[in-house]
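What follows is each chain in one-letter form.
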Amino acid sequence: MTIILGGVMLVGLFFSYTDIVRFKKTYMLVLLFSLATLGMLYDPVKAYLINGDYTDLYRMFSEIDNFRLFGWNADKVVSTPTAMTTNYNAILVGKMYMYFIALISNNNHLLSFINAILTYSAAAIGINIVGMKFDLSNTKIVSTFVFFVLINDYSRVIANIRMPLAIAVFMLIFSFEIKDDKKKLWEYFAYIALCLLHNAMFLYLGIKLLVDIIPRSFRKFLILIMTASSIMVTPILSILMRFGGAGSIVEGLVQKIQLYTGSNKVGFSLLSANVRMTLINMVRLCFFIFLIILCKRIGGNSSQSRSIDRFICFGEMLVALALGSLWSIDLFNRTVLFMLAIIPFYMIIISSERNVRVLPLKKMDGYTVISWLFLILNLLYYFGSYVYQQLVF
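Residues numbered from 1 in each chain as written. Predicted model: local features only at pLDDT ≥ 70, side-chain atom pairs only at ≥ 80, totals over all residues. Heavy atoms only, no water.

Draft legend 1. Region of the structure containing the overall build of the protein. Tallying secondary structure elements over the protein gives 21 helices and zero strands in all. Taking all 393 residues of the protein together, the buried fraction comes to 56%. Summarising the internal contacts of the protein: among those between residues at least 6 apart in sequence, 75% fall at separations of at least 24. By element, 67% of the accessible surface of the protein is carried by carbon and sulfur atoms, the whole surface being about 17200 Å². (Helix = DSSP H or I, 4+ residues; strand = E, 2+ residues; numbered from the N terminus. Buried < 20%, exposed > 50% of the residue type's maximum accessible area, 1.4 Å probe, protein only. Contact = heavy atoms within 4.5 Å. Areas by Shrake-Rupley, 256 points an atom, 1.4 Å probe, with all protein chains shown as cover.)

Following this line, the structure appears as structure tokens:
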């Protein structure tokens, strides 16, 4: 499967340099349907039995079977804890998603197919919206989407399911704000719905709200506070637990925080124990900071919209959170993975200013070389480690 996946990605990259990109929508659809179809062939049960790789999809297959057998209240009817391990009372949208898959088909593999379609479609639409806002050509928009596909973890899209989808849709909603250069009420309702798809999104929605509410003059202070996230976990948990009786959503959020900050998930020793992942995440973090610096430099030389200013500030807050969460390997890793979804949008801003596509072959300046190196390092990490090697038919 790894060889086929590599072939699909290589073909996608190759044809992004041809005249086929003039048919932007068709090109994107063919690429995302190819990835989705391949994802449908992934077998999490076989991967677990052969390699011992336990993925979220392995657990979700069992949960979908239970929804199919016992209906909407399967999580309450099934008494075996191992059969329904997800607290669906805390994530109503997530429950609706699993129940929908159980209703429409007896083939659980359809979940990976639909999730890949939704995730890559959300990314493609968002990139297209922002690209058109900056008057980018089809070539530049397509090359940005291909870059997104290559640097983001495909295995998470088809096996982790909810978090990659939530991040992609989050960026899609943000793209509407960038396009209109103003915030709309429906966008916040959509963000809340994403929190009910995966409750870790409450954290990133919280950051978004801070960026929207806090005046620019206080942002540097706020970013400094974010780097001290480790000392805020205990008081936040204490506050949330007081409202534990307010509903299962709060309870689910507390469980998620405790999961990310449990004794077996914290400590700098875990970073050294996961050397490859730590190194690639540090590379990603450095590249993200590099793009923020370039975007801010562009903003200093031109009249930049308020939405772009907030978008860049949101990235700065994520950097602060990542640095402040080095003590928690799960939180650090998920924050860096969120950055990967933002990177293409920053590159749109840079492409507009430089009037060049992402990953050009002719204009090989410092920015282009760094971008190519970043792409190559990510692909080496994915294909050269268990990340993609665990994917089996």
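Draft legend 2. Inspection of the side chain of Arg-162 at higher detail. By secondary structure assignment, the location of Arg-162 is in helix H10 (residues 162-180). Ignoring sequence-local partners within four residues, the contact set of Arg-162 consists of Arg-59, Met-60, Thr-86, Ile-91, Gly-94, Leu-197 and His-198.

Draft legend 3. Structural context of a nonpolar patch on the surface. A grouping of Val-11, Phe-14, Phe-15, Ile-20 and Phe-23 is seen on the molecular surface, where their side chains present a nonpolar patch of about 490 Å² in accessible area. Of note, Phe-15 is situated in helix H1 (residues 2-15). (Patch = residues over 30% accessible without salt bridge, like charges linked within 9 Å, V, L, I, M, F, W, Y side chains within 5 Å. Salt bridge = Lys/Arg side-chain N within 4 Å of Asp/Glu carboxyl O.)

Draft legend 4. How the structure looks around the pattern of salt bridges. Evaluated as defined, the whole model comprises twelve salt bridges. Among the salt bridges present, the one from Glu-63 reaches Arg-59, with a minimum N-O distance of 3.5 Å. Residue Glu-63 and its partner Arg-59 are located together in helix H4 (residues 56-70), separated by four residues, close to a single helical turn. Each of Glu-177, Lys-208, Asp-212 and Arg-310 takes part in one network of salt bridges that share partners.

Draft legend 5. Representation of the packing of aromatic side chains in the model. In this structure the tally under the stated criterion is 29 aromatic pairs. With 5.7 Å between their ring centres and 20° between their planes, Phe-170 and Phe-314 make a pair best called stacked. Placement of Phe-170 in helix H10 and of Phe-314 in helix H18 (residues 306-324) is noted, with a sequence separation of 144 residues between them. Phe-314 shares its class with Phe-170; the two are buried. One aromatic cluster is present, built from ring pairs that chain together Phe-170, Phe-174, Tyr-188, Tyr-191, Tyr-204, Phe-288, Phe-311, Phe-314, Phe-338, Phe-345 and Tyr-346. A cation over a ring is seen here: Lys-208 above Phe-174, with NZ or CZ 4.8 Å from the ring centre. For Arg-357, the ring lying beneath its charged end belongs to Tyr-17, and the centroid distance is 3.9 Å. (Phe/Tyr/Trp six-rings, centres within 6.5 Å; stacked < 30°, edge-to-face > 60°. Lys NZ or Arg CZ within 6 Å of the ring centre and 35° of its normal.)

Draft legend 6. Structural detail: helix H12 (residues 201-213). Spanning 13 residues, H12 covers 18 Å between terminal C-alpha atoms, matching the ideal 18 Å at 1.5 Å per step. Within the span of H12, buried status applies to Met-201, Tyr-204, Leu-205, Ile-207, Lys-208, Val-211 and Asp-212. Taken down its axis, H12 places every buried residue within 155° of arc, on the same side. Buried residues along H12 sit in contact with H10, helix H11 (185-195), helix H13 (219-226), H18 and helix H19 (329-354). (Expected span 1.5 Å × (residues − 1). Arc of directions from axis to C-beta.)

Draft legend 7. Main features of the packing of H1 against helix H8 (residues 138-151). Look at H1 against H8: their axes get within 10 Å of each other, and the N-to-C directions meet at 160°. In this view, H1 runs roughly antiparallel relative to H8, as classed from their interaxial angle. Every pair of crossing elements has a handedness; the one defined by H1 and H8 is left-handed. On H8, the residues touching Met-9, Gly-12 and Leu-13 of H1 are Val-146, Val-149 and Leu-150. Taken together, the residues that form the contact of H1 with H8 break down as five nonpolar, one polar and no charged. (Axes fitted to C-alpha atoms, helices over the stretch in contact; angles between N-to-C directions. Parallel < 35°, antiparallel > 145°, perpendicular 65-115°, else oblique. Left-handed = near helix turned anticlockwise from the far one by under 90°. Nonpolar A, V, L, I, M, F, W, Y, C, P; charged D, E, K, R; others polar.)

Draft legend 8. Structural context of the environment of Leu-222. Here Leu-222 shows up in helix H13. Residues Leu-222 and Val-211 lie eleven residues apart in sequence; the distance between their C-alpha atoms is 9.1 Å. Discounting chain neighbours no more than four positions away, the residues touching Leu-222 are Leu-210, Ile-214 and Met-317.

Draft legend 9. Focus on the nonpolar core. Grouped together as the largest cluster of nonpolar side chains are 130 residues, with contacts concentrated most on Tyr-120, Tyr-154, Phe-338, Ile-343 and Tyr-346. Other than its neighbours up to four places away in sequence, Phe-338 contacts Ile-167, Phe-170, Met-171, Met-201, Tyr-204, Phe-314 and Leu-318. (Core = buried A, V, L, I, M, F, W, Y, C linked by side-chain atoms within 4.5 Å.)

Draft legend 10. Structural detail: the packing of helix H7 (residues 110-133) against H10. Relative orientation of the contacting elements H7 and H10 amounts to 20°, with a least axis distance of 8 Å. Of the possible angle classes, the one that applies to H7 and H10 is roughly parallel. Regarding H7 and H10, the two cross each other, and that crossing is left-handed. Listed contacts from H10 to Asn-115, Leu-118, Thr-119, Ala-122, Ile-125, Gly-126, Ile-129, Val-130 and Lys-133 of H7 are Pro-164, Leu-165, Ala-168, Val-169, Leu-172, Ser-175, Phe-176, Ile-178 and Lys-179. Taken together, the residues that form the contact of H7 with H10 break down as twelve nonpolar, four polar and two charged.

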